[in-house]
Amino acid sequence: MMRVLSGIQPTGRFHWGNYFGAIRQYIDLQDGNEAYYFIANLHALTTIRDRGVLWQNTIDAALDLLALGLDPERATLFVQSDVPEVSELTWLLMTGTSLGLLERCHAFKEKKAKGLTADAGLFTYPVLMAADILAYGSHLVPVGEDQVQHIEVCRDLAGSFNHAFGEVFVLPKAKVLESAARVPGTDGEKMSKSYNNTIEIFEDPKSVRKKVMRIVTDSRPMEEPKVPETDHLFQLYSLFAAPAERLAMAALYRAGGFGYGQVKKALADAAEGYFAEARAKRLELAAHPEKVREILGDGAQRARARAQQTLQRAQEACGVKAES
Ligand code: ADP
Ligand code: TRP
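On a predicted model such as this, the values are computed, not experimentally measured, just so you know.

Some details on the overall build of the protein
Then, number 1: Within the protein, the secondary structure is distributed over 14 helices and five strands.
Then, number 2: For a compact globule of 324 residues, the expected C-alpha radius of gyration is about 20 Å, and the protein comes in at 22 Å, within 12% of that figure.
Then, number 3: Looking at the protein as a whole, 48% of its 324 residues qualify as buried.
Then, number 4: Working note: accessible area of the protein is about 16,100 Å², and carbon and sulfur atoms make up 53% of it.
Then, number 5: For the protein, the distance from the average site of its 38 positive side-chain charges to the average site of its 41 negative ones is 3 Å.

Describing the pattern of salt bridges
Then, number 1: This model, assessed by the stated rule, comprises 15 salt bridges.
Then, number 2: Between aspartate 218 and arginine 220 there is a salt bridge, with the nearest N and O atoms lying 3.0 Å from each other.
Then, number 3: By relative accessible area, which is 33% here, aspartate 218 ends up partly exposed.
Then, number 4: Residue classification places arginine 220 among the partly exposed positions, given a relative accessible area of 36%.
Then, number 5: One salt bridge connects arginine 254 with glutamate 229, and the closest N-O pair in it is separated by 3.0 Å. One end of the pair, arginine 254, is in helix α11 (residues 243–255); the other, glutamate 229, is in the loop between α9 (205–213) and α10 (232–240), and 25 residues separate them in sequence.
Then, number 6: A relative accessible area of 48% means that arginine 254 is categorised as partly exposed.
Then, number 7: Residue class for glutamate 229 comes out partly exposed when judged on its relative accessible area of 43%.
Then, number 8: One network of salt bridges, in which partners are shared, links Arg13, Asp60, Asp64 and Arg282.

Points about helix α13 (residues 276–286)
Then, number 1: All of the buried residues along α13 are Ala278, Arg282 and Leu285. Down the axis of α13, the buried set is contained in an arc of 65°. They therefore lie on one face. Turned more than 90 degrees away from the buried face of α13 sit Glu277, Leu283 and Glu284, all of them exposed.
Then, number 2: For α13, the elements touching its buried residues are α3 (51–67) and α14 (289–318).

Focus: the domain arrangement of the protein
Then, number 1: We note that the domain assignment places domain 1 (2–183 + 289–318) and domain 2 (203–274) within the protein.
Then, number 2: If you look at the interface, domain 1 gives five residues, while domain 2 gives eight residues.
Then, number 3: Each partner contributes to the roughly 550 Å² buried at the junction of domain 1 and domain 2, and carbon and sulfur atoms together form 84% of this total.
Then, number 4: On the domain 1 side of the contact with domain 2, Trp16, Phe20 and Val183 bury the most area, a combined 82% of that side's loss.
Then, number 5: Our count for the domain 1 to domain 2 interface comes out at zero salt bridges.
Then, number 6: For the side of domain 1 that touches domain 2, the class distribution of residues is four nonpolar, no polar and one charged.

Thresholds applied
- Residues numbered from 1 in each chain as written.
- Chains lettered and ligands numbered in written order.
- Predicted model: local features only at pLDDT ≥ 70, side-chain atom pairs only at ≥ 80, totals over all residues.
- Heavy atoms only, no water.
- Helix = DSSP H or I, 4+ residues; strand = E, 2+ residues; numbered from the N terminus.
- Rg over C-alpha atoms; globule rule 2.2 N^0.38 Å.
- Buried < 20%, exposed > 50% of the residue type's maximum accessible area, 1.4 Å probe, protein only.
- Areas by Shrake-Rupley, 256 points an atom, 1.4 Å probe, with all protein chains shown as cover.
- Lys, Arg positive; Asp, Glu negative; His and termini not counted.
- Charge placed at Lys NZ, Arg CZ, Asp CG, Glu CD.
- Salt bridge = Lys/Arg side-chain N within 4 Å of Asp/Glu carboxyl O.
- Arc of directions from axis to C-beta.
- Contact = heavy atoms within 4.5 Å.
- Domains from an automatic or database assignment.
- Buried area = accessible area lost by both parts, 1.4 Å probe.
- Nonpolar A, V, L, I, M, F, W, Y, C, P; charged D, E, K, R; others polar.

In structure tokens:
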């Protein structure tokens, strides 16, 4: 069975882009695989410097993922920092990591290019990510395009450790999540927290509706026929609509004689219906924080058991622990 692993940073409430671009696919992969998913709070610490915010984001991330269908019976869900073995493994990997390799990594490179000073955490971020992956012997890592470079770094580090000390680590493969699901934001650009154009999955339906109504559209006359596939409003609608509804909407676009307000209303209705069940589940979970704590505790225990084995093998291999 394939071991699948991915981490998601708790840097804010998850939006539609995160759902269709990543979370939904994590949930699909929990069937037929041994799946590990974690909330990457140690990585988020490189950007969030407020204890209350980081803590709340971590809890919210767990609630969101569970409400959306991450099933603790089928997948292991945990918080990154609950597995301290990963941090120890990070050090073992850090020795032998060339500075040049890390200097080429984009998070650091982009910050430096902007003239900002990066800290050692951001600089060594890919090594922690490599340890995350290697600790669980992961075969497959589903990630967005932007993380592929980090998986390459992980393979590099694992390969050179294995070369120096023997076959300890499994070399993982990236599974690049479909770029077709590049969800547009309210301004038509890629939806992203950094662009301030997001619609959060669990924000109040009224507020969702308001944001939808403000989605930027062109000013062509109503009568004019339009191409649905290249219109961001249609693209958003397609994510939520049933196939028959999508076809009907596409026909309406091609025929012309409709207003964008009509499409926006259909989008807001479809999105509200789409997430209704998850919304109810989230409310129920939020009312039982002890249940969520238990799920994360169980997840951490399972994850630790595996990480401990890997760490021990790595420690023995490089000579910081007696061979068992
Ligand atoms: P943001 O850009 O809002 O900061 P992140 O970089 O934290 O989002 O993304 C977390 C995950 O969600 C990544 O796997 C990323 O590829 C995916 N994702 C984010 N925004 C989108 C989008 N607009 N369309 C598709 N996938 C997205
Ligand atoms: N760096 C990833 C991101 O920003 C999150 C992450 C941390 C991760 N550790 C990981 C993803 C291990 C996959 C595997 O999206």
